[in-house]
Amino acid sequence: MEYKVLYRKYRPTCFKNIVGQEYTVKMLQNAIIHNKIAHSYLFTGPRGTGKTSTAKVFAKTINCEHLENGEACGKCNACLSFEQSPDIIEIDAASNNGVDDIRELINNVKVAPTEGRYKIYIIDEVHMMTTSAFNALLLTLEEPPAHAIFIMATTNVESVPITILSRCQRFNFKKFSLEDLIKQIRYVCEQENISITEEAITEIAYLSEGGMRDALSLLDQLSSLGEEITIESILTNYGSISMKFIRDLLKNVENREISLVHLSMQELASTSSDYKVFIKKIIQELSGIAVSIASGSYIGQFTYSQVKGIIFALNDCLNKINININPFVLIEMILLDNFEEKNTKNVDNYVENVNKILEKGTKAEQTLDEKPKMEEKVEKEIPQVTQEKSLEEEYIKKMVEIRVNNCFAEAKKEALKIFQDVWNKAIDNDKISPNIKSFILDSTVVAASDTYCILTSKLESTVYLLNKNADQLSYELQSYFSSPIYFASLSEVEWKKERQEYAQKIKNGGSYTLISESEIEKLKPKMQSEIEEIATNVFNRDKIEMV
Ligand SMILES: [Zn+2]
């Protein structure tokens, strides 16, 4: 008998078997039940999260002749012939013949379905399509025949043109939770009579980083060894790190056994261990500790703020790690940072002083003479600095708002390509200053018009600094353009929101009106250097760092 890999064998065949995507499943099922099926859907999310499987279940249910509570019956003609149905057309845009397939699709889309009610096109990795294929698809999406439904899937939604996005109902597939993965791995092992320890199940779930396909592929490989799957066999074969190692390490951190921590980290750095898995495991363990500290059940020396500090620093590290440096050195530093009594006393004293002054200020009987000289100045000047700062934030907020609006007003796919091109070239341009280059490296071009360009970055700090230095960025990149250009940066979350609003607005027939750049200029506050000067007068320069 032909061996079917576990991932294929355990693919969900009905909505109720789809794990971990409850929201999406509910929405899709409701659309079928209430006969509100759209013409185009876009499933986005990381690999192995069930986009294609869900698309198939959706397609099967749409064409089923005798729906049973929003599920395909599995008995009607359409259900029985589903796998061979000429009405279900699957295209992998990443494959070589993707372009030809799309062309054929466009040509045949007007032809009515042979068996079912609908002709359903499932286009996988849709972001891989060429520009000409996208254009052809767009024409079809604009006026789809009543019998055509498009379900597109992508792991890289950033590369899908806005024009396509705005015509689709979009569903985000999230990574599987550890619990969901563990449940499914355990279920498959029971069905397949695979002998495995509980600890090994959890380990496989960890290693697959939220992807069901990876989890079951790993299980496939391990089960082929023909012996009981244990934590040891996983650790030796896949360079993983046991939870015992993590717990021992954290105990040593807690007990301030610096040399032992260092030894463990050296040991780890010399293996092929995956630092991402390592960080995630430490965070997982620390989260548990944080909860028990908060609930008062923790016995140990960690304080809540120490644990929180390490978790935040590690999470940050996960997002920023540069593969050129040894990540384990960085992780060790974060863990050891806990040993150092952080020099927060000055800040604490300062805050205390300000609080005291504020308290005193409300009491009329206090005289100025009672206050030490330094405090007196702090009281007078602080509000001014805060005001200047908030003016600047206000300015940046408005600038970004106007520029995003303007970019949407005239967004062009060709312009996006031009900016992306400049982005690649600028990295190698020696004339561009290092700080601007670092923004370029940390940011992605996501939308553009002839004059405006929207960028996103994973790092909040880059978003902030880029907006603050947007003029310099324009200035340093001016040689690539024939007319002035303007930049604005958004965090990935903000961009997601803006793009959704854009899609909704366009869908409802709305449009964007250009706002003059001079509106931004009017809001421009005093320059940063002036704020700095005020601060320097108030405090000793060593004590304050402007950010
Ligand atoms: Zn059926």
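Residues numbered from 1 in each chain as written. Predicted model: local features only at pLDDT ≥ 70, side-chain atom pairs only at ≥ 80, totals over all residues. Heavy atoms only, no water.

Protein-derived coordination of the zinc ion comes from Cys64 (SG), Cys73 (SG), Cys76 (SG) and Cys79 (SG), at a distance range of 2.3 Å. Each of the four donor atoms around the zinc ion contributes to a set of angles spanning 102 to 120°, which defines the coordination as tetrahedral. Sequence positions of the donors to the zinc ion reduce to the motif C-x8-C-x2-C-x2-C. Here the two residues Cys76 and Cys79 agree in accessibility, since each one is buried. (Donors = N, O, S within 2.8 Å, 3.2 Å for Na, K, Ca; no water. Tetrahedral: all angles 85-135°; square planar, octahedral: opposite > 155°, others 65-115°. Buried < 20%, exposed > 50% of the residue type's maximum accessible area, 1.4 Å probe, protein only.)

Reading across the sheet, the three strands line up as 6-7-8 and stay open at both edges, with mixed pairing between neighbours. Taken across any chain shown, the strands that pair with only one partner, and hence form the sheet edges, are strand 6 (443–448) and strand 8 (486–491). Each neighbouring strand pair of the sheet contributes to a mean axis angle of 30°, computed without reference to strand direction. Along the sheet, helix 19 (residues 413–426) contacts strand 6, strand 7 (452–457) and strand 8; its crossing angle with strand 6, the most-contacted strand, is approximately 160°. (Pairing = 2+ DSSP bridges. Helix = DSSP H or I, 4+ residues; strand = E, 2+ residues; numbered from the N terminus. Axes fitted to C-alpha atoms, helices over the stretch in contact; angles between N-to-C directions. Contact = heavy atoms within 4.5 Å.)

Right, let's get into the nonpolar core. Among the nonpolar cores identified, the biggest contains 30 residues, and Phe278, Ile282, Leu286, Phe302, Val307, Leu314 and Ile331 are the most heavily contacted of them. Where this core is concerned, the elements lending two or more residues are helix 12 (243–254), helix 13 (258–269), helix 14 (275–294), helix 15 (304–320) and helix 16 (327–336). At nine residues, the largest contribution of residues to this core is made by helix 14. Those residues in contact with Phe278, other than ones at most four positions away along the chain, are Ile241, Phe245, Ile246, Leu249, Met265, Leu268, Phe328 and Ile331. (Core = buried A, V, L, I, M, F, W, Y, C linked by side-chain atoms within 4.5 Å.)

An order of 2-3-4-1-5 is seen for the five strands of this open sheet, with the pairing classed as parallel. Across the chains shown, the open sheet's two edge strands, defined by having one partner strand only, are strand 2 (88–92) and strand 5 (169–172). Direction aside, neighbouring strands of the sheet carry axes that sit 15° apart on average. Sheet topology places strand 2 next to strand 3 (residues 119–124); five bridges connect them, and they run parallel. Paired with Ile88 across the bridge in strand 3 is Ile120. Running at roughly 150° to strand 5, helix 2 (residues 22–33) makes contact with strand 1 (40–44) and strand 5 of the sheet.

Counted under the stated rule, the structure contains 13 salt bridges. Here Glu401 and Lys398 are joined by a salt bridge, their closest N and O atoms 3.4 Å apart. Of the two residues, Glu401 and Lys398 are both situated in helix 18 (residues 373–409); the distance of three residues between them amounts to about one turn of the helix. The exposure class assigned to Glu401 is partly exposed, which follows from its relative accessible area of 45%. (Salt bridge = Lys/Arg side-chain N within 4 Å of Asp/Glu carboxyl O.)

Quick look at the pairing of strand 7 now. Most of strand 7 is tucked away: six of the six residues are buried. Across the two faces of strand 7 the burial is the same, with Tyr452, Ile454 and Thr456 and Cys453, Leu455 and Ser457 all buried. As defined by bridge partners, strand 6 adjoins strand 7 across five bridges and the pair is classed as antiparallel. If you follow Ser443 over to strand 7, its bridge partner there is Ser457.

Turning our eyes to something else, we now look at the confidence of the model for the chain. Per-residue confidence for the chain averages 80 on the pLDDT scale, and 84% of its residues sit at or above 70. Per-residue pLDDT stays below 50 along residues 527–547; that stretch engages in 28 contacts with residues further than four places along the chain or on separate chains. (pLDDT = per-residue confidence, 0-100.)

Another aspect to go through is the environment of His127. Note on placement: His127 falls in the loop between strand 3 and helix 6 (131–142). Between the C-alpha atom of His127 and that of Ala153, which follows or precedes it by 26 residues, the distance is 8.4 Å.

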